[in-house]
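# Architecture at a glance
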Amino acid sequence: INHGHKARLVDINGVEYLDTRNNVAHCGHGHPDIVRAITYQMEQLNTNTRYLHPHASLLAKKLSDLLPGSLDVVFFVNSGSEANDLALRLARAHSKQRRNQISQKSDRTTESKCKIITIDHAYHGHTLATLDVSPYKHRQGNEMSCPEYVSRVPCPDVYRGRHFVKRTAQGDSNGDTNSENCINEMEAAKEYASYVEQECEQITSQGHSVSAFLMEGGMSVAGVILPPASYLRRCVNAVREAGGLYIADEVQTGFGRLGKCMWAFQYSNTKDGGVSDEIIPDIVTVGKPFGNGMPIAAVITTPCVASAFESFGVEYFNTFAGSPVCCAAGLSMLDVLSKERLQENASNVGNYLVELFRDVKSRNDWIGDIRGSGLFLGVELVRDQQTLDPATKETSYVCSVLKDKYKILTSVDGPHENVIVVKPPMVFSREDAEFFVSCFEKALVEDLQLVKDGLGDLSKTPT
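### Looking at the pattern of salt bridges
- All chains considered together, the criterion is met by 21 salt bridges.
- In this structure, Glu 16 engages Arg 8 in a salt bridge whose closest nitrogen and oxygen atoms are separated by 3.5 Å.
- Judged by relative accessible area, which is 39%, Glu 16 ranks as partly exposed.
- In this structure, Arg 363 and Asp 359 form a salt bridge, with 2.7 Å as the shortest nitrogen-oxygen distance.
- The partly exposed category is assigned to Asp 359, whose relative accessible area is 40%.
- Connected through shared salt-bridge partners, Asp 33, Arg 36, Asp 335 and Lys 339 make up one network.

Structural data, given as structure tokens:
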């Protein structure tokens with residue numbers, strides 16, 4: 001790839017591709033306003049963060065203003081992995097401080113351990129600490145495994161998970177005899193949340209402490225999983241009762257990607273009798289789209305948590321995080337996001353994409369499920385609507401055909417690698433959506449039929 005503009009990438013031969021999977025170039029590739037902001041600041045100054053620059057203070061204020069509650073202490077880092085790594089440190093410090101206070105009151109020392117609760121199939125980064133809490137990586141090769149201090153709970157997948165919701169109108173069901181059919185998503189939410197509640201009870205009954213519950217607001221590599229309503233509230237209540245913190249990983253889904261909300265942790269917010277059931281995390285991490293391609297990420301937390309971290313005397317310093325140029329990119333990204341109403345565009349175009357995919361689904365049996373919100377969508381392909389046999393090879397082939405024949409870049413995720421993940425730049429248009437889905441249907445209905453019997457000879461598509 002040589003250059004790009006809006007939702008298009010161009011290779012070294014001048015061939016143009018539609019980009020449906022790049023959630024880093026949030027405001028589009030090569031956005032002129034962001035390019036100008038970066039260029040101007042580079043001409044003025046770019047240095048390490050030992051020196052405070054106005055951009056860092058302004059960006060921290062603008063970021064905290066986008067978040068609810070008292071989330072107003074900002075740590076800048078370089079990537080989502082660094083953000084989640086630091087978030088775990090903050091949670092551990094908070095847990096240790098709480099444990100020390102309890103020990104002082106009881107006049108005895110304890111040998112309790114700080115435990116982290118994470119979701120199966122989750123991915124939170126590539127540092128050692130974040131790999132420990134990324135079950136997605138535990139299932140790849142033999143380098144990593146789930147450590148003793150990490151508790152893994154089932155992914156709240158209501159399509160093919162342990163507690164699925166039967167979609168009678170579409171004839172969808174799950175043939176897994178270890179699964180349980182739920183009447184609705186509320187029942188599924190209760191069942192899935194019970195695993196977190198049980199973990200909290202078990203951890204505390206053994207004399208240990210729950211340090212944090214870490215969850216992506218929208219689980220991307222898990223196959224675009226948005227938790228059912230009330231799941232998050234139940235989990236957070238249990239974790240906080242056990243003394244732990246809720247860390248919202250917004251690296252993939254933050255800054256309006258879901259359309260209906262600025263942050264994915266707000267997706268399940270409901271109003272009961274006019275009273276808002278607002279879930280406010282203790283720590284939020286952001287990354288990928290923050291600088292529209294520039295390496296900037298952040299951890300946002302409360303004064304209480306930050307104070308616990310500072311009390312242990314190990315200062316946090318990061319040479320490049322929050323540099324003047326990267327902060328200029330972040331400021332410009334937020335400005336473009338607001339000025340061009342990209343969250344609204346994500347909602348409108350995302351809804352249109354869902355309509356188009358549902359239309360395709362009505363004409364063939366390959367599509368098992370269409371899920372997500374805004375410009376964070378997943379289209380799961382199956383060989384059988386009843387057994388949900390994953391169409392892994394077929395999905396890989398469709399992905400390859402879209403790239404080679406139709407010049408569309410897509411991504412495959414999910415435990416069975418059978419989910420086409422749609423998370424394009426937020427400037428993705430209705431015309432882009434129409435072109436994408438029309439080519440997707442051709443690849444699925446026409447091209448796939450030509451090689452259906454020879455799929456075993458094809459190599460896996462790397463995405």
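### Regarding helix α7 (residues 231-241)
- Within the span of α7, buried status applies to Tyr 231, Leu 232, Arg 233, Cys 235, Val 236, Ala 238 and Val 239.
- Backbone geometry just after α7 places Gly 243 at a positive phi near 90 degrees.

### Observations concerning the sheet that holds strand β2 (residues 8-10)
- Read from one edge to the other, the open sheet built from 4 strands follows the order β1-β2-β3-β17, with strand pairing classed as mixed. Among the strands making up the open sheet, the edge pair consists of β1 (3-5) and β17 (408-409).

### Topic: the side chain of Asn 84
- Mapped onto the elements of the fold, Asn 84 is located in helix α3 (residues 80-106).
- Residue class for Asn 84 comes out buried when judged on its relative accessible area of 2%.
- Every residue in contact with Asn 84, bar those within four places of it in the chain, is listed here: His 124, Thr 130, Leu 214, Asp 249, Val 251 and Thr 285.

### Focus: the nonpolar core
- With 102 residues, the main nonpolar core has Phe 76, Phe 213, Tyr 231, Phe 290, Leu 353, Phe 436 and Phe 440 as its most contacted residues.
- When neighbours within four sequence positions are excluded, Leu 353 is seen to be in contact with Leu 375, Leu 377, Val 422, Phe 428, Ala 433, Phe 436 and Val 437.
- In terms of nonpolar packing, the next biggest core, distinct from the first, is built from 21 residues, Val 77, Leu 88, Leu 90 and Leu 245 among them.

### Concerning the sheet that holds strand β19 (residues 419-422)
- With antiparallel pairing, the 4 strands of this open sheet are ordered in space as β15-β16-β19-β18. Strand pairing shows two members of the sheet lacking a second neighbour, β15 (367-373) and β18 (411-413), which therefore form its edges. Taking the axes of each pair of neighbouring strands and ignoring which way they run, one obtains an average angle of 25 degrees across the sheet.
- Bridge analysis of strand β16 (residues 376-381) against β19 gives 4 bridges, and the strand direction is antiparallel. Across the sheet, the residue bridging to Glu 380 is Val 419, located in β19.
- Strand contacts of helix α10 (residues 342-361): β15, β16 and β19, with the helix running at about 175 degrees to β15, the strand carrying the most contacts.
- The strands that helix α12 (residues 430-451) touches are β15, β16 and β19; relative to β16, the one it contacts most, it runs at about 15 degrees.

### Quick word on the pairing of β15
- Among the 7 residues of β15, 6 are classified as buried, and the element is accordingly described as predominantly covered.
- Both β15 and β16 contribute to a ladder of 6 bridges, which runs antiparallel. Bridge pairing in β16 links Gly 372 to Leu 377.
- Here β15 folds back onto β16, and the loop between the two strands holds 2 residues, one of which, Gly 374, carries a positive phi near 60 degrees.

Parameters at a glance
- Residues numbered from 1 in each chain as written.
- Predicted model: local features only at pLDDT ≥ 70, side-chain atom pairs only at ≥ 80, totals over all residues.
- Heavy atoms only, no water.
- Salt bridge = Lys/Arg side-chain N within 4 Å of Asp/Glu carboxyl O.
- Buried < 20%, exposed > 50% of the residue type's maximum accessible area, 1.4 Å probe, protein only.
- Helix = DSSP H or I, 4+ residues; strand = E, 2+ residues; numbered from the N terminus.
- Pairing = 2+ DSSP bridges.
- Contact = heavy atoms within 4.5 Å.
- Core = buried A, V, L, I, M, F, W, Y, C linked by side-chain atoms within 4.5 Å.
- Axes fitted to C-alpha atoms, helices over the stretch in contact; angles between N-to-C directions.

The analysis is restricted to geometry; functional conclusions fall outside its scope.
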